[in-house]
Amino acid sequence: MVKLKRKHKAFSLVESLVGMIIILITFSVGLMIFNEVMLSSNNRQRIHADMLIQKTLAETIDKNEFLDQSIATETYTIEKKVSPYKSEKNISVLEIKIFNSDKRLVANQKMLVVTQ
Amino acid sequence: MLTGFLLLSNHFQSIIFEHDLLQKKAIRDLQAGITLLLADPNIISENEKTSYDLYDDGQDSVLLERKNWGAFCLIGVSVTSKKEQLHKYALTGNDLVSDTNLALYLANNNKPLSVSGKTIIRGNCFLPIKDVKQAFIEGEVFTGDKPVYGNINISSALPEINKNILDQMQQLLNEKTATDSLLSYSEFSNRDTIVNSFTNGTLFIDCSSEKTIDNKFIKGNVVIYSKNNLTISASNKIEDVIVVAKAIIFQKKFIGSLQALSTDSIMVEEECNFTYPSMLCISKTANSKSLPTITISEKTKFNGFLLAFTEIVQAENPVSIIIKKDAEIMGTVYSNGILDVQGSIYGAAWVQKIMLKTKSGVYENHLLNATIDRTKLSKYFVGINLFKTENSNKIAKWLN
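Residues numbered from 1 in each chain as written. Chains lettered and ligands numbered in written order. Predicted model: local features only at pLDDT ≥ 70, side-chain atom pairs only at ≥ 80, totals over all residues. Heavy atoms only, no water.

1. A closer look at the overall build of chain A
Link 1 in the chain: Within chain A, the secondary structure is distributed over 2 helices and 4 strands.
Link 2 in the chain: In chain A, the succession of α and β elements from N to C terminus is α-α-β-β-β-β.
Link 3 in the chain: Taking 2.2 N^0.38 as the reference for a compact globule, 116 residues should give roughly 13 Å; the C-alpha atoms of chain A span a radius of gyration of 29 Å, well beyond that estimate.
Link 4 in the chain: With respect to the three principal axes, the spread of C-alpha positions in chain A is 95 × 30 × 25 Å. (Helix = DSSP H or I, 4+ residues; strand = E, 2+ residues; numbered from the N terminus. Rg over C-alpha atoms; globule rule 2.2 N^0.38 Å.)

Shown next, in the form of structure tokens:
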């Protein structure tokens, strides 16, 4: 068996384990904060609301349903309003508003549609 | 550090999300501008860029533009979103489907239409006399089951062409519109590629000193003008451009999409391919003694509009459109002079007189081996406002 001539500096098993646990705890806390930030931001809701608006718009045009409507889903309330556009006979303004469960406006979109 | 990285990543994600929302809003505003201009182009004056508040809330302003581009109406919308500017331009026209499925309108000159050979007419017709005669010309008798597959009505005078189109054509032919940037021929000849967006002013290229255009790629908001005759060879690739010259020759196998105007003649040689929306137009003034003619040679495919008109319809020196054997026109033909068709028109034709010229003679209101078939024209085909004064409300082509 070869005998080491010099004494090598190194962490002991306990020190390494403690270091790994600290990294793990930091990572977990960081991930929790990130998750918290993601959930607390409006982005997630707004992405959902935007998708819901696109879906409602496509359905409205497809079914030619240019009527004022209020549709309640599990998490959102969709409010659809059709109003005449200035003096144009064939064009209407379609406004879709999405409210969350706290009745706070999440997204709002206006567009011109041909309703002749 | 890790938490900082995650927070930073979240921050950038929010920025990207906001940018995406703004861009989507800009695209919606562009679409709204186009919808508005299609429904009512008169909300803005012609040849002017007008800022327009879409919802009167100061948050959705668009820049609207409308002008004539040849026989078409060109509409444009621009939106500025932060530092980005988005544009949408289109050529607009009218739906042809509403035109009672018309195949042929032959002005009433009290002479019946006669058919012979393999002539086919599909679609409704307005003819001088209800009965279509079967004739024996050049040793050929009529071989079809019936001459017209559609309703026949009695025609009256040829409907007059939309005055706006006439004015626009005359303006282009008189070179009065050359107020934008002008490119001299020497500059033009040094460049292989000329692409001018419709967001810029119209680029006028004066080719009066040259007879032939060769090896060029020309696209967009460009008017090529010549006081003399102009030959466009097959080595060119031309798209969306207007060509104005005394006489124009498109050489064999030319491919492109353009609007060409002439006071003398337009000659399209064999095997050319004009893609939609193209237009060839000849115009004769009251004082002119020339015989303006559009000639479409054999095996040429033309998608668009052929127009030949004279200010005063007269028996002598009429304008004429000649469609030779195996040539195919997908679109509409209008001539308040003569139409000589031995090829095919897949669409509709409005003509003052049909004239068949053969080796042995000239026959009035005779068709020999011709096809006029409205049923082969797509129901989505968008035409120009030939007679109507109503708004252009269909997109013919999106432009850059």
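2. A word on the confidence of the model for chain A
Parts of the prediction with low pLDDT should not have their coordinates interpreted in detail.
Link 1 in the chain: For chain A, per-residue confidence averages 86 on the pLDDT scale, and 91% of positions sit at 70 or higher.
Link 2 in the chain: Of all helices and strands in chain A, the one with the weakest mean pLDDT is helix H1 (residues 13-40) of chain A (84), whereas strand E2 (residues 77-85) of chain A scores best (93). (pLDDT = per-residue confidence, 0-100.)

3. Examining the interface of chain B and chain A
Link 1 in the chain: Between chain B and chain A, the residue contacts involve 25 residues of the former and 21 residues of the latter.
Link 2 in the chain: Across the chain B to chain A interface the summed buried area is about 2,100 Å²; carbon plus sulfur atoms make up 62%.
Link 3 in the chain: The three residues of chain B that bury the most area against chain A are Phe17, Arg28 and Tyr55 of chain B, which together make up 27% of that side's buried surface.
Link 4 in the chain: The tally of links from chain B across to chain A stands at 4 salt bridges.
Link 5 in the chain: For the side of chain B that touches chain A, the secondary structure elements donating two or more residues are helix H1 (2-39) and strand E1 (48-53) of chain B. (Contact = heavy atoms within 4.5 Å. Buried area = accessible area lost by both parts, 1.4 Å probe. Salt bridge = Lys/Arg side-chain N within 4 Å of Asp/Glu carboxyl O.)

4. Here's the deal with helix H2 (residues 163-173) of chain B
Link 1 in the chain: Those residues of H2 of chain B that sit buried are Ile165, Gln168, Met169, Gln170, Leu172 and Leu173 of chain B.
Link 2 in the chain: Buried-residue contacts for H2 of chain B involve strand E2 (61-69), strand E17 (222-225), strand E19 (237-250), strand E20 (255-268), strand E21 (273-284) and strand E23 (301-310) of chain B. (Buried < 20%, exposed > 50% of the residue type's maximum accessible area, 1.4 Å probe, protein only.)

5. A closer look at unusual backbone geometry
Link 1 in the chain: Here Tyr276 of chain B and Pro277 of chain B are connected by a cis peptide whose omega angle stands at -5°.
Link 2 in the chain: By secondary structure assignment, the location of Pro277 of chain B is in strand E21.

6. Considerations on the pairing of E21 of chain B
All names here are of chain B.
Link 1 in the chain: Within E21, 9 of the 12 residues are buried, leaving the element largely enclosed by the surrounding structure.
Link 2 in the chain: Here E21 pairs with E23 via 9 bridges, running parallel. Directly across from Ile282, in E23, lies its bridge partner Ala308. (Pairing = 2+ DSSP bridges.)

7. Let's talk about the nonpolar core
Residues and elements named next belong to chain B.
Link 1 in the chain: Leu104, Ile224, Phe250, Leu280, Leu306 and Ile323 are the most contacted members of the largest nonpolar core, which totals 60 residues.
Link 2 in the chain: Counting residues per element, this core draws most heavily on E19, at 6 residues.
Link 3 in the chain: For Ile323, the contacting residues outside a window of four places in its chain are Ile296, Leu306, Ile329, Val333, Leu339, Asp340, Val341, Gln342, Gly343, Ser344 and Ile345. (Core = buried A, V, L, I, M, F, W, Y, C linked by side-chain atoms within 4.5 Å.)

8. Points about the side chain of Asp340 of chain B
Residue and element names in this part refer to chain B.
Link 1 in the chain: For Asp340, the position within the fold is in strand E25 (residues 328-341).
Link 2 in the chain: A distance of 3.4 Å separates the side chain of Asp340 from the side chain of Gln342, its partner in a polar contact.
Link 3 in the chain: Residue contacts for Asp340: discarding those within four places in its chain leaves Ile321, Ile322, Ile323, Met355, Leu356 and Lys357. (Polar contact = N/O pair within 3.5 Å; in protein donor to acceptor, adjacent residues only side chain to side chain.)

9. Brief notes about the sheet that holds E2 of chain A
All names here are of chain A.
Link 1 in the chain: Strand order in the open sheet made by the 4 strands is E1-E2-E3-E4, with antiparallel pairing throughout. A single partner strand is all that each edge strand has here, and the edge strands are strand E1 (69-72) and strand E4 (105-114). Put simply, the sheet's adjacent strands are angled 15° from each other on average, direction ignored.
Link 2 in the chain: The pairing of strand E3 (residues 88-99) with E4 spans 9 bridges and is classified as antiparallel. Bridge pairing links Glu95 to Lys110 in E4.
Link 3 in the chain: On the sheet, helix H2 (residues 43-63) packs against E2, E3 and E4 and is oriented at approximately 25° with respect to E4. (Axes fitted to C-alpha atoms, helices over the stretch in contact; angles between N-to-C directions.)

10. A look at the state of the cysteines
Residue and element names in this part refer to chain B.
Link 1 in the chain: Counted according to the given criterion, the structure contains 0 disulfides over all chains.
Link 2 in the chain: No disulfide involves Cys272; its nearest neighbouring cysteine sulfur is the one of Cys281, lying 18 Å away.
Link 3 in the chain: Unpaired in this structure, Cys281 has its nearest cysteine sulfur neighbour in Cys73, at a distance of 17 Å.
Link 4 in the chain: Cys281 sits in the buried class, given a relative accessible area of 0%. (Disulfide = S-S within 2.5 Å.)

11. Describing a nonpolar patch on the surface
Link 1 in the chain: A surface patch of nonpolar side chains, amounting to about 750 Å² of accessible area, comprises Leu13, Leu17, Met20, Ile21, Ile25, Val29 and Ile33 of chain A together with Leu7 of chain B.
Link 2 in the chain: When residues in the nonpolar patch are grouped by element, the largest group, 7 residues, is from H1 of chain A.
Link 3 in the chain: Structurally, Met20 of chain A can be placed in helix H1. (Patch = residues over 30% accessible without salt bridge, like charges linked within 9 Å, V, L, I, M, F, W, Y side chains within 5 Å. Areas by Shrake-Rupley, 256 points an atom, 1.4 Å probe, with all protein chains shown as cover.)

12. What to know about H2 of chain A
Note: α-helices contain 3.6 residues per turn, so residues at a spacing of three or four share the same orientation.
All names here are of chain A.
Link 1 in the chain: Compared with an ideal rise of 1.5 Å per residue, which puts 21 residues at 30 Å, H2 spans 30 Å between its outermost C-alpha atoms and is within 8% of the ideal.
Link 2 in the chain: Inspection of H2 places Asn43, Ala49, Asp50, Leu52, Ile53, Thr56, Leu57 and Thr60 among the buried residues, and these make up the whole buried set.
Link 3 in the chain: Directly after H2, the chain includes Asn64, whose backbone phi takes a positive value near 55°. (Expected span 1.5 Å × (residues − 1).)

13. Notes on the packing of aromatic side chains
Residue and element names in this part refer to chain B.
Link 1 in the chain: What the rule picks out here adds up to 12 aromatic pairs over all chains.
Link 2 in the chain: Note on Phe274 and Phe302: the rings are 5.3 Å apart at their centroids and 45° apart in plane angle, and the pair reads as tilted. Of this pair, Phe274 sits in strand E21 while Phe302 sits in strand E23, and the two are 28 residues apart along the sequence. Like Phe274, the residue Phe302 is buried in the burial classification. (Phe/Tyr/Trp six-rings, centres within 6.5 Å; stacked < 30°, edge-to-face > 60°.)

14. Considerations on the pairing of strand E4 (residues 84-95) of chain B
All names here are of chain B.
Link 1 in the chain: Bridge count for strand E3 (residues 72-81) against E4 is 9 bridges, and the pairing is antiparallel. Residue pairing in the sheet places Gly76 in a bridge with Tyr89 of E4.
Link 2 in the chain: What sits between E3 and E4 in their antiparallel hairpin is a turn of 2 residues, with Lys82 showing a positive phi close to 55°.
Link 3 in the chain: In this structure, E4 lies alongside strand E31 (residues 394-399), joined through 5 bridges in antiparallel fashion. Pairing of Thr92 across the sheet is with Ile395, part of E31.
Link 4 in the chain: Across 2 bridges, the pairing between E4 and strand E30 (residues 382-383) is antiparallel. The residue of E30 that forms the bridge with Asn94 is Gly383.

15. Some details on the side chain of Ser335 of chain B
Link 1 in the chain: Mapped onto the fold, Ser335 of chain B is located in strand E25.
Link 2 in the chain: If we ignore the near neighbours within four places in the chain, the residues touching Ser335 of chain B are Leu158, Ala308, Val319, Ile321, Trp350, Val351 and Gln352 of chain B.

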